[in-house]
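Here's the letter readout for the chains.
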Amino acid sequence: MIFLTKIRRTISMAIRNLWLHKLRSFLSVLGIIIGTAAVISLMAFGEGSMQDALEDIKKQGLTNVIVTSVKPPEEATSQRRSFVANYGLTDDDHRRFVETLKNLVTATLPMRVFPAELRPVTDSRLYNGRVVGTTPRHAIVYKLENMIAAGRFLTEQDEEPIPRNVCVIGSELAAELFPGEDPINKTIRISGKDRAFVVVGVLKDRMPNTSGAEIEKYNGDMYIPLKACRSLLGEISFIRATGARGAEKVQLSQVVLTVDDSGDTDAVRDRVRGVADIVRAQLSATHPKKDWDIRIPLDRLEEAERTRDRYRILLAFIAGISLLVGGIGIMNIMLATVTERTREIGIRRALGAKRSDITLQFLLEAVVQTTLGGVIGVLVGLSMVFLVPYVASQFNYRVPAAIHNWSIILAFSVAVAVGVLFGWYPARRAACLDPIEALRHE
Amino acid sequence: MRVIARVENLTKHYFLEGEVVKALRGVTLSFEEGDFVALMGPSGSGKSTLLNLLGCLDRPTSGRYFLGNQDVSTMSDDQLSEIRCRYIGFIFQSYNLIQQYTVVENIEVPLLYQGRVDASTRRRCIRLAEMVGLGERLNHRPTQLSGGQQQRVAIARALVNDPHVILADEPTGNLDSKTSDEIMELLCTLNEAGKTIIMVTHENDIAAWAKRVVRMRDGKVESDVRTAPLGISGSSLASVTP
């Protein structure tokens, strides 16, 4: 009880002393303020962008193994304009995957993707989009359950028994081809083909996938049943781009293998790796020209997590340095204060203050300073975290930020700890002054 | 009369730049309750050293010091702080008030270190301030007060813990003669009320207020005489006894 009264009195005394030298106190804790604010804001921005990246990867499904067709290098550099490039994954490959992996893989999603000029049948409007031949499973793998803006996604009935010429379109495609109209039941034609597809569904706006080598935008996609794609459009797609004109024959652009996710994390992890190895071995044997690639989101996740850990260590290091600098500032000013107030220390000692009382007094003065510095630093840091993304959004930049409660607690408690650590020596020095000498001090 | 403080064969040696300075060379004195003692002597005679030892600000090299019934000559630093806090009141030449505190808060400081600060002790501080004539200036800071007023605050502060003994180190050294007389009158009043006062001075007319004059030279007691004190009413030089 006596101790608490003492602490309370000492704190109010410390605050009064600091208030007496407002500018000096502010300058001496500026280091702490900047350090704390930097820790909070850097952590928030770092975590924000990392979370974005991790979300991107998770969206691809951590139990998926994604096999894609890649144009082999010798054909990419081919000079022959009219050559039909024939490469990539085939239906046979897909069939083999299903057979050899049936115990490990719960489902597969074959896809055929090619760029195309899309236009409404009744209009001359034009949009350069993508045609994606796929199956109803697409909605599950790409988590589209809640992304349907109107109508529905593809269903089994669109594939069997007879492929229907229906399509589901992305939000941007819908807005470009049918401005101000309801796209449902409108028809879309693919340039160079004589088939039209009836719109049965429209998707909501989707975030582009930025985790791959190329940014994959989904909002200009037109999804049609894979079987319809094959039987109605043929296997050759023509590419008309600036400076190049060609044709490609690619049976499947991509196959997503969803690995059985039963069992614990490690088991799933090993199973994913195992599937990837089998796929790799199989494709190496059947595709002598390297026209395929394999992506394992799980690997990317682990890599991203390692990057995040490295970033955190770096940040802790920077935080440590800035708070060290702040602490030295505090120590410096406290040593000056002790010298300046030597006589006061002598008076207090003569009137009965123990060494521990003097230590407590100066230690609390330092801690009060760094605590206030910490509070101000947290506030400055938080306002940066809210302000910077806002300002950036005015210039159409996206700055992701994620505040962690523990980063606030950490920054704040480190600030307080700095006060204790760097206030200790000056406080002990004050306490160990000889009272007689101190009283004589001018 | 009861003996309130007693030193036996007290010595104090300092080490100054490799040389031993013998500030006290065996001092034996006893002080009775209610006494008013003037410690006199030229500079270097050891009177300040003796006062520091009596005030428990320092420990003797050898010899014993009893304050009340306690032997304080071998106590630890913390114990000495405790003794200063409870049993000793200090009055300094340069007042030694804490600049950032008000009058009342300055008076309160010794109680702060006893850990007893509450509304009733605050009232006691205010009463003491009124007693020394500063009832109107409770919330003034030392810089807003004259030297005499500051010394009154210091006296009130020396009384707040109801000490066994009040130690005054040249209490009028920084004051003009009129203010000095006022301060000495105040000390006399306190002495008459039963307070024991030990005062260091080198001025005869200040020493004349005391009941007993101890003269020191070269770290020893040179003379120790009881005198007829001036009393509160007579403050003229004519009545000074040699």
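Everything quoted here is computed from the prediction, not taken from an experiment.

How each quantity is defined
- Residues numbered from 1 in each chain as written.
- Chains lettered and ligands numbered in written order.
- Predicted model: local features only at pLDDT ≥ 70, side-chain atom pairs only at ≥ 80, totals over all residues.
- Heavy atoms only, no water.
- Helix = DSSP H or I, 4+ residues; strand = E, 2+ residues; numbered from the N terminus.
- Rg over C-alpha atoms; globule rule 2.2 N^0.38 Å.
- Buried < 20%, exposed > 50% of the residue type's maximum accessible area, 1.4 Å probe, protein only.
- Contact = heavy atoms within 4.5 Å.
- Areas by Shrake-Rupley, 256 points an atom, 1.4 Å probe, with all protein chains shown as cover.
- Lys, Arg positive; Asp, Glu negative; His and termini not counted.
- Charge placed at Lys NZ, Arg CZ, Asp CG, Glu CD.
- Pairing = 2+ DSSP bridges.
- Axes fitted to C-alpha atoms, helices over the stretch in contact; angles between N-to-C directions.
- 1 Å grid on protein atoms, 1.4 Å probe; cavity = no way out; pocket = protein on both sides within 12 Å on 5 of 7 lines; lining within 4 Å.
- Points joined across faces, edges and corners; volume = space filled by probe spheres on them.
- Nonpolar A, V, L, I, M, F, W, Y, C, P; charged D, E, K, R; others polar.
- Buried area = accessible area lost by both parts, 1.4 Å probe.
- Salt bridge = Lys/Arg side-chain N within 4 Å of Asp/Glu carboxyl O.
- Polar contact = N/O pair within 3.5 Å; in protein donor to acceptor, adjacent residues only side chain to side chain.
- Core = buried A, V, L, I, M, F, W, Y, C linked by side-chain atoms within 4.5 Å.

**A word on the overall build of chain B**
- When its secondary structure is counted, chain B shows seven helices and 10 strands.
- Since a compact globule built from 242 residues should have a radius of gyration of about 18 Å, the 18 Å found for chain B is in line with a globular shape.
- If you line up chain B on its principal axes, its C-alpha atoms span 50 × 45 × 40 Å.
- For chain B, buried positions account for 55% of its 242 residues.

**Topic: the overall build of chain A**
- Each helix and strand in chain A was counted, giving 13 helices and 13 strands.
- Against the compact-globule benchmark of 22 Å for 442 residues, chain A has a radius of gyration of 33 Å, which places it well outside the compact range.
- Scored against the burial criterion, the 442 residues of chain A give a buried share of 46%.
- A fraction of 76% describes how many contacts in chain A between residues 6 or more apart in sequence connect residues 24 or more apart.
- Total accessible area computed for chain A in this model is approximately 22300 Å², and 60% of it derives from carbon and sulfur atoms.
- Distance from the positive charge centre (56 side chains) to the negative charge centre (48 side chains) of chain A: 7 Å.

**Section: the sheet that holds strand S2 (residues 19–32) of chain B**
All names here are of chain B.
- Taken in spatial order, the four strands make up an open sheet running S2-S1-S4-S5, and their pairing is antiparallel. One side of each edge strand has no neighbouring strand; the edge strands of this open sheet are S2 and strand S5 (70–71).
- Examined bridge by bridge, strand S1 (residues 3–16) and strand S4 (residues 62–67) share five bridges and lie antiparallel to one another. Looking at the pairing, Ala-5 lines up with Leu-67 of S4.
- On top of the sheet, helix H1 (residues 47–54) reaches S1, S2 and S4; it is set at about 60 degrees to S2, its chief contact.

**Let's talk about the layout of surface pockets**
- As a volume, the second largest pocket reaches approximately 870 Å³.
- As for the second largest pocket, its lining consists of 37 residues, and the residues nearest its centre are Ile-436 and Arg-440 of chain A together with Ser-48, Asn-52 and Asp-169 of chain B.
- For the lining of the second largest pocket, the secondary structure elements donating two or more residues are helix H13 (435–440) of chain A together with S1, S2, H1, strand S6 (88–91) and strand S7 (165–169) of chain B.
- Take the lining of the second largest pocket: its biggest share by element is five residues, from H1 of chain B.
- Grouping the amino acids of the lining of the second largest pocket by side-chain chemistry returns 14 nonpolar, 11 polar and 12 charged.

**What about the interface of chain B and chain A?**
- Chain B puts 28 residues into the contact, and the matching count from chain A is 25 residues.
- Summed over both partners, the interface of chain B with chain A buries about 2400 Å², with 52% contributed by carbon and sulfur atoms.
- The largest per-residue losses of area from chain B upon contact with chain A belong to Leu-57, Gln-100 and Tyr-113 of chain B, which jointly make up 27% of the total buried on that side.
- Remark: the boundary between chain B and chain A carries five salt bridges.
- Where chain B packs against chain A, one counts 14 residue pairs in polar contact (both at pLDDT 80 or more).
- Contributions of two or more residues to the side of chain B that touches chain A are made by helix H2 (77–87) and helix H3 (103–114) of chain B.
- Of the residues that constitute the side of chain B that touches chain A, the class distribution is 12 nonpolar, six polar and 10 charged.

**Focus: the nonpolar core**
- Within the largest apolar cluster, 62 residues are counted, with the highest numbers of intra-cluster contacts made by Leu-50 and Ile-198 of chain B.
- For this core, the leading source of residues is helix H12 (residues 405–431) of chain A, giving six residues.
- When sequence neighbours within four positions are dropped, the list of residues in contact with Leu-50 of chain B reads Leu-10, Leu-24, Val-27, Leu-29, Leu-39 and Met-216 of chain B.
- One finds Leu-112, Cys-125, Met-184 and Leu-187 of chain B within the second-largest nonpolar core, a separate group that totals 42 residues.

That is the geometry; function is a separate question.
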